[in-house]
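# A closer look at the structure
Letter by letter, the chains look like this.
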Amino acid sequence: MQPSADPDLADLAHTRARPAHWLATATVTVAVVALAGLLQPGAAGAGAAPEAAPRPAPAPEAAGVAYPLDCRGVPQTVARRATGDLDGDGNPETVAVVHCEAGSGTPPSGVYVLTRGKETGAPARVVATLVAPGQHKSVAGLAVRNGTVVATLLGYSSPDVPSCCPDETEQVGWRWQGGAFVRSDGTGARGV
C-alpha cells in the first residue's frame, strides 16, 4: 500500500489494526463478560424461581390401625375413608369408617380420625372418635370438605326396627375448634 499524499490521511496510518490490537480488544471483551457474569444476582435474586415449600406428609393409612372396636374375634373392616387437613397444620389426616365384619344385617360403625405415628414408619394412630359403635349408627357417606368432616349417618327410630334396614338418616359435620372436634347437625333426623 502506498502512503497517502494527504497529510491528514498520513496520520491515520498508525490506526491500522495489528494483531496486538486485536488481542488487546479480545482480552478486554472477555474480562468485561466475565465480570458481568460474576455480578449477576444469585438464585435468590430477582427473577429467580422461589424455593418450593416443603411437601406435606402423605395421609395416614387406615389399614393396620388398632381401632377401639370390640369385634369379639371377628375381623374389622375399613368401609370408607376420606383425607384432608383437619387441624390446619398443612398435613392431611385420615377419617376412617370401621365396623366388624358381619354375615348379615348392618353392623354399627365407628368413625375415627387418624394421624401419622409419632415415629418414622410407625402405624397411624386414632386421635379422635367421632361416632362410637355403641351409638348404633352406620355411615352411608363420608367426605372431608374445607377442613370439615361431613357424613351421612343411618340409624333406627326404635329397637323394633330390624338391623338390616335403618329408617333414619342425618347429615352431620365435625370441625376442629379449640382443640376438639365440634359436631354440627345438618337437617337433623328424618325418615329414609
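As shown above, the structure is provided for reference.
This one's a predicted model, so the numbers in the text were calculated from it and none came from an experiment. (Residues numbered from 1 in each chain as written. Predicted model: local features only at pLDDT ≥ 70, side-chain atom pairs only at ≥ 80, totals over all residues. Heavy atoms only, no water.)

### Considering the pairing of strand β3 (residues 109–115)
The side chains of a regular strand alternate, first on one face of the sheet and then on the other. What counts, and what does not: With a 1.4 Å probe rolled over the protein chains alone, any residue whose accessible area is under 20% of its type maximum counts as buried; one over 50% counts as exposed, and the rest are partly exposed. Under the DSSP-based scheme used, a helix requires at least four consecutive residues in state H or I and a strand at least two consecutive residues in state E, with every element numbered from the N terminus. What makes two strands pair is DSSP finding at least two bridges between them.
Counting buried residues in β3 gives seven out of seven residues, a clear majority hidden from the surface. The side-chain alternation of β3 yields two buried faces, one formed by Ser109, Val111, Val113 and Thr115 and the other by Gly110, Tyr112 and Leu114. Bridge count between β3 and strand β4 (residues 125–131): five bridges; the pairing is antiparallel. Looking across to β4, one finds that Leu114 is bridged to Val126.

### Some points on the state of the cysteines
Here is the rule we go by: Two cysteine sulfurs form what is called a disulfide whenever their separation falls within 2.5 Å.
Under the definition given, this model contains two disulfides. Between Cys71 and Cys100 runs a disulfide, and the two sulfur atoms are separated by 2.0 Å. Handedness of the Cys71-Cys100 disulfide follows from its S-S torsion of about -90°: it is left-handed. A residue pair is termed long-range when its members are at least 10 positions apart, and Cys71 in the loop between α2 (19–38) and β1 (76–84) and Cys100 in strand β2 (residues 93–100) qualify at 29 residues. Summarising the burial analysis for this pair, Cys71 and Cys100 share the class buried. Each disulfide pairs two cysteine sulfurs, and for Cys164 the partner residue is Cys165, the sulfurs being separated by 2.4 Å. Because the torsion about its S-S bond is -75°, the bridge between Cys164 and Cys165 counts as left-handed.

### Let's talk about the nonpolar core
Definition in use: Here, the term nonpolar core denotes a set of buried Ala, Val, Leu, Ile, Met, Phe, Trp, Tyr and Cys residues that are joined through side-chain atoms within 4.5 Å. By definition, residues are in contact when any of their heavy atoms lie within 4.5 Å.
The biggest cluster of nonpolar side chains holds 18 residues, and the ones touching the most others in it are Val95, Leu130, Leu142, Val149 and Trp174. Where this core is concerned, the elements lending two or more residues are β2, β3, β4, β5 (138–145), β6 (148–155) and β7 (168–177). If we ignore the near neighbours within four places in the chain, the residues touching Trp174 are Leu130, Val131, Gly147, Thr148, Val149, Ala151, Phe181, Val182 and Arg183. Listed in part, the eleven residues of the second largest apolar core include Val65, Tyr67, Cys71 and Cys100.

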